[in-house]
Amino acid sequence: MTAAPDLILTGAEVRTLDPARPHATAVAVRDGVIAAVGEDSDVRDWRGPRTEVVPLAGAHLVPGLVDAHSHPVWGLDMATGADLSGVTDLAGLRAALAGAERTDGWVIGFGLDHNAFGGRPVDRALVEDVLGGAPAFLRLYDGHSALASGAALARAGVTGAREFGQRSQIVCDAEGRPTGHLVEHAAMELVAEHVPRPSYASRRERLVDLLAGMAATGLTGAHVMDAGDAELVEAVARESVLPVRLRFAPWCMPGVDRAGLDELVAGQGRGGRHWTVDGVKFFMDGTVEGGTAWLEHADCHGQGTEAFWPDPDGYAAAVRHLHAAGVRTATHAIGDAAVRHVLDVVAGLGEGARGRHRIEHIETAPDALLPRFAELGVAASMQPPHTAYTRADGSDEWSRRLGAGRAGHAWRLRDLRDAGATVALGSDWPIAPYDVRAVLATARAPRGAASSRAGLTGLEALEGCTTHAARAAGEAGVTGRIAVGLRADLTALGLNPVTTPPDELAQSPVPLTVTGGHVVHRG
């Protein structure tokens with residue numbers, strides 16, 4: 001080592017995930033990268049007069065944990081108002097809304113579970129009388145649907161059905177009157193743009209607090225599946241150290257023209273310390289619960305046979321354009337038809353597409369599709385905490401809509417790994433809690449409809465938030481392992497993430513989180 005390190009971590013059980021040196025007890029960091037990996041006996045030779053030495057007292061040091069699918073900036077607006085995630089039935093929803101705080105006269109809520117309606121259609125008539133005439137906008141947990149009150153619809157001038165350039169719907173009753181159920185982005189945005197928005201100062205404070213909270217669970221990075229707010233992130237990154245490294249993939253929506261695609265290409269590489277724009281996010285379908293997952297055969301309500309892109313070939317053309325420009329893509333695909341279409345499109349790109357494209361969610365997929373991920377080099381980005389919105393007995397909305405056969409193909413983490421796929425893991429915050437320890441735990445012990453399936457091993461779950469997350473981002477050469485020359489993103493856990501039972505791991509202490517060589521959390 002030619003110069004003294006800035007930071008030395010010693011006294012640890014280091015699991016490097018580097019085949020050349022799987023285990024160590026000490027790590028040195030200089031200028032944001034790993035300068036040395038060795039034993040405690042090496043520390044005396046490494047340290048300099050200004051080196052900070054942090055004894056980890058037997059903690060388990062692993063490569064920095066990464067959430068491979070999150071929305072920490074856009075989610076600030078989604079997760080606003082009353083937290084309805086604890087509501088389990090209609091009576092509870094009515095009580096929560098009756099007592100909800102008003103924001104500039106509005107009732108705003110988020111995290112509402114489809115199952116709270118007990119199988120009834122989502123309809124404002126079920127809650128209108130407890131709102132006292134207030135406009136209300138309630139986001140369902142999936143982020144792809146919302147419930148708006150009559151007053152909110154009136155504010156937005158929504159009086160009936162409309163046509164959209166993407167698969168989206170204002171649900172109406174038999175007389176053509178809006179029920180308040182808004183399905184997919186274009187329909188929701190009609191009302192959302194009228195909802196009071198927190199101030200810049202409030203959003204900035206919430207972002208700082210959110211990222212600090214994420215780092216406290218051991219997160220050092222997140223693959224952000226939206227454009228976020230570049231000005232806000234840039235301001236925070238300029239004035240402080242972002243505790244979580246953010247990689248943004250802006251959306252590409254149906255109807256995009258050549259100029260729009262070129263704008264997405266031109267935006268690649270924008271960034272600063274601990275944040276960058278790298279990739280583009282597509283939607284091939286919506287959600288099972290909302291009836292907008294693209295399925296090979298209709299769901300049990302007769303829905304789900306259409307893609308989010310009214311012209312799926314338009315999606316293929318956009319992917320080809322971006323691929324030719326060297327841009328990585330990530331595509332939301334939940335239903336089996338959506339997953340198949342994305343794989344077919346990538347197959348048409350040729351060998352040069354290997355390792356450059358990924359599919360998000362993959363909630364149900366038949367056997368025949370699984371080997372294609374490895375064959376084509378398409379990463380599977382999956383969110384184990386989503387399984388908690390389903391039930392093992394099949395009584396939840398997700399399972400009822402799909403039917404037993406397709407519900408039996410739920411979240412095939414184990415099968416995809418066995419098929420040789422790269423399987424990156426995330427939370428999809430604010431759709432599910434961001435705590436990365438819970439991501440690791442539920443990957444090993446899936447819940448609900450996926451609970452009858454074997455989960456990942458402890459090592460495979462850890463890889464899903466480290467080496468496989470790095471592969472999915474095209475960063476295997478710079479992160480995901482503890483090795484000299486790689487980024488100094490490091491997570492120390494009080495419990496062994498590989499051997500500790502999942503329920504205990506979810507509560508593990510986090511003594512230290514290091515991002516880019518900066519200590520961003522001390523437990």
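As shown above, the structure is provided for reference.
Because the structure is predicted, anything quoted here is derived from the model rather than measured.

1. Concerning the overall build of the chain
Alright, step 1. Helix and strand counts for the chain come out as 17 helices and 26 strands.
Alright, step 2. Compactness check: the chain gives a C-alpha radius of gyration of 23 Å against a globular reference of 24 Å for 523 residues, within 12% of the reference.
Alright, step 3. Seen through its principal axes, the chain has C-alpha atoms that stretch 80 × 50 × 50 Å.
Alright, step 4. Relative to its 523 residues, the chain shows a buried fraction of 60%.
Alright, step 5. Put simply, 73% of the contacts in the chain that link residues at least 6 apart link residues at least 24 apart.
Alright, step 6. For the chain, the exposed surface amounts to about 19,300 Å²; the carbon and sulfur share of it is 49%.

2. As for the side chain of S168
Alright, step 1. Mapped onto the fold, S168 is located in the loop between α4 (150-156) and β13 (169-172).
Alright, step 2. Within the structure, the side chain of S168 is placed 3.4 Å from the backbone oxygen of E184, a separation counted as a polar contact.
Alright, step 3. At 2.9 Å, the side chain of S168 and the backbone nitrogen of A187 are in polar contact.
Alright, step 4. What S168 contacts, discounting residues up to four positions off in sequence, is V183, E184, H185, A186 and A187.

3. Here's the deal with the environment of D123
Alright, step 1. Tracing the backbone shows D123 in the loop between β10 (107-112) and β11 (136-140).
Alright, step 2. Linking D123 and H69, residues 54 residues apart in sequence, is a C-alpha distance of 30 Å.
Alright, step 3. Excluding anything up to four places from it in sequence, D123 contacts L147 and T179.
Alright, step 4. Within the local environment of D123, its side chain forms a polar contact with the backbone nitrogen of A125, the two atoms lying 2.8 Å apart.

4. Side note on the packing of helix α8 (residues 258-266) against helix α9 (residues 312-324)
Alright, step 1. At their nearest, the axes of α8 and α9 sit 10 Å apart, and the two run at 40° to each other. When the axis of α8 is compared with that of α9, the two are oblique. When you trace α8 past α9, the crossing you get is right-handed. Contacts between α8 and α9 involve R258, L261, D262, L264 and V265 from the first element and A318, H321 and L322 from the second.

5. Quick word on the sheet that holds strand β7 (residues 60-63)
Alright, step 1. Within the open sheet, the 6 strands sit side by side as β3-β2-β7-β24-β25-β26. Their pairing is mixed. Each edge of the open sheet carries a strand with a single partner, namely β3 (23-24) and β26 (518-522).
Alright, step 2. As judged from the 2 bridges shared by strand β2 (residues 13-15) and β3, these two strands associate in the antiparallel manner. In the sheet register, R15 faces β3, and the bridge partner there is H23.

6. Details of the nonpolar core
Alright, step 1. One finds L246, W275, F282, M284, I359, F373 and L425 to be the most contacted residues of the largest nonpolar core, which totals 91 residues.
Alright, step 2. Broken down by element, the residue count for this core peaks at 7 residues, all from helix α10 (residues 336-347).
Alright, step 3. Counting residues in hydrophobic clusters, the runner-up holds 20 residues, among them L97, V127, L140 and L147.

7. Structural notes on unusual backbone geometry
Alright, step 1. In the segment running from W429 into P430, the intervening peptide bond is cis, with an omega of 10°.
Alright, step 2. Mapped onto the elements, P430 comes out in the loop between β23 (423-425) and α14 (436-444).
Alright, step 3. Phi is positive for L17, which is not a glycine, with a value near 60°.
Alright, step 4. Tracing the backbone shows L17 in the loop between β2 and β3.
Alright, step 5. For L17, a relative accessible area of 16% gives the class buried.
Alright, step 6. In this structure, E184 takes a positive phi of about 80° despite not being glycine.
Alright, step 7. With respect to the element layout, E184 can be found in the loop between β14 (178-183) and α5 (185-192).
Alright, step 8. For E184, a relative accessible area of 1% puts it in the buried group.

8. Here's the deal with α9
Alright, step 1. Taking 1.5 Å per residue, 13 residues should reach 18 Å; α9 reaches 19 Å between its end C-alpha atoms and fits that length.
Alright, step 2. Those residues of α9 not exposed but buried are P312, Y315, A316, A318, V319, H321, L322 and H323.
Alright, step 3. On its buried face, α9 sits against α8, β19 (280-283), β20 (329-333), α10 and β21 (357-361).

9. Some details on the environment of P243
Alright, step 1. Structurally, P243 is set in the loop between α7 (230-239) and β16 (245-248).
Alright, step 2. Look at P243 and you get buried, because its relative accessible area is 12%.
Alright, step 3. Sequence-distant contacts of P243, that is, excluding residues within four places in its chain, are made with L211, A212, A215, L219, T220, T515 and V520.

10. What about helix α12 (residues 397-407)?
Alright, step 1. Of all 11 residues in α12, 8 are buried, a share of seventy percent or more.
Alright, step 2. Among the structural elements, α10 are those in contact with the buried residues of α12.
Alright, step 3. The N-terminus of α12 is capped by D396, whose side-chain oxygen sits 3.1 Å from the backbone nitrogen of W398.

11. Description of the pattern of salt bridges
Alright, step 1. The tally for this structure, following the rule as stated, stands at 33 salt bridges.
Alright, step 2. Residues D229 and R203 are paired through a salt bridge, measuring 3.1 Å at the closest nitrogen-oxygen approach. In this pair, D229 sits in the loop between β15 (219-224) and α7 while R203 sits in helix α6 (residues 200-216), placing the two residues 26 residues apart along the sequence.
Alright, step 3. Here D229 falls in the buried class, since its relative accessible area comes to 18%.
Alright, step 4. Here R203 falls in the buried class, since its relative accessible area comes to 4%.
Alright, step 5. For E397, the salt bridge identified is with R400, shortest N-O distance 2.9 Å. Linking E397 with R400, this pair stays in helix α12, spanning 3 residues, or about one helical turn.

12. Quick notes on the side chain of E397
Alright, step 1. Of the residues examined, E397 reaches a relative accessible area of 11% and is grouped as buried.
Alright, step 2. Within the structure, the side chain of E397 is placed 2.9 Å from the side chain of R400, a separation counted as a polar contact.
Alright, step 3. Contacts of E397, omitting those with residues within four sequence positions, involve H114, N115, G119, E289 and H301.

13. Digging into the environment of P385
Alright, step 1. Summarising the element assignment, P385 is placed in the loop between β22 (379-382) and α12.
Alright, step 2. Between the alpha carbons of P385 and S427 there is a distance of 6.2 Å; along the sequence they are 42 residues apart.
Alright, step 3. Excluding its chain neighbours within four sequence positions, the residues that come into contact with P385 are G426, S427, A432, V439 and T442.

Analysis parameters
- Residues numbered from 1 in each chain as written.
- Predicted model: local features only at pLDDT ≥ 70, side-chain atom pairs only at ≥ 80, totals over all residues.
- Heavy atoms only, no water.
- Helix = DSSP H or I, 4+ residues; strand = E, 2+ residues; numbered from the N terminus.
- Rg over C-alpha atoms; globule rule 2.2 N^0.38 Å.
- Buried < 20%, exposed > 50% of the residue type's maximum accessible area, 1.4 Å probe, protein only.
- Contact = heavy atoms within 4.5 Å.
- Areas by Shrake-Rupley, 256 points an atom, 1.4 Å probe, with all protein chains shown as cover.
- Polar contact = N/O pair within 3.5 Å; in protein donor to acceptor, adjacent residues only side chain to side chain.
- Axes fitted to C-alpha atoms, helices over the stretch in contact; angles between N-to-C directions.
- Parallel < 35°, antiparallel > 145°, perpendicular 65-115°, else oblique.
- Left-handed = near helix turned anticlockwise from the far one by under 90°.
- Pairing = 2+ DSSP bridges.
- Core = buried A, V, L, I, M, F, W, Y, C linked by side-chain atoms within 4.5 Å.
- Expected span 1.5 Å × (residues − 1).
- Salt bridge = Lys/Arg side-chain N within 4 Å of Asp/Glu carboxyl O.

Just geometry here; none of it tells us what the structure is for.
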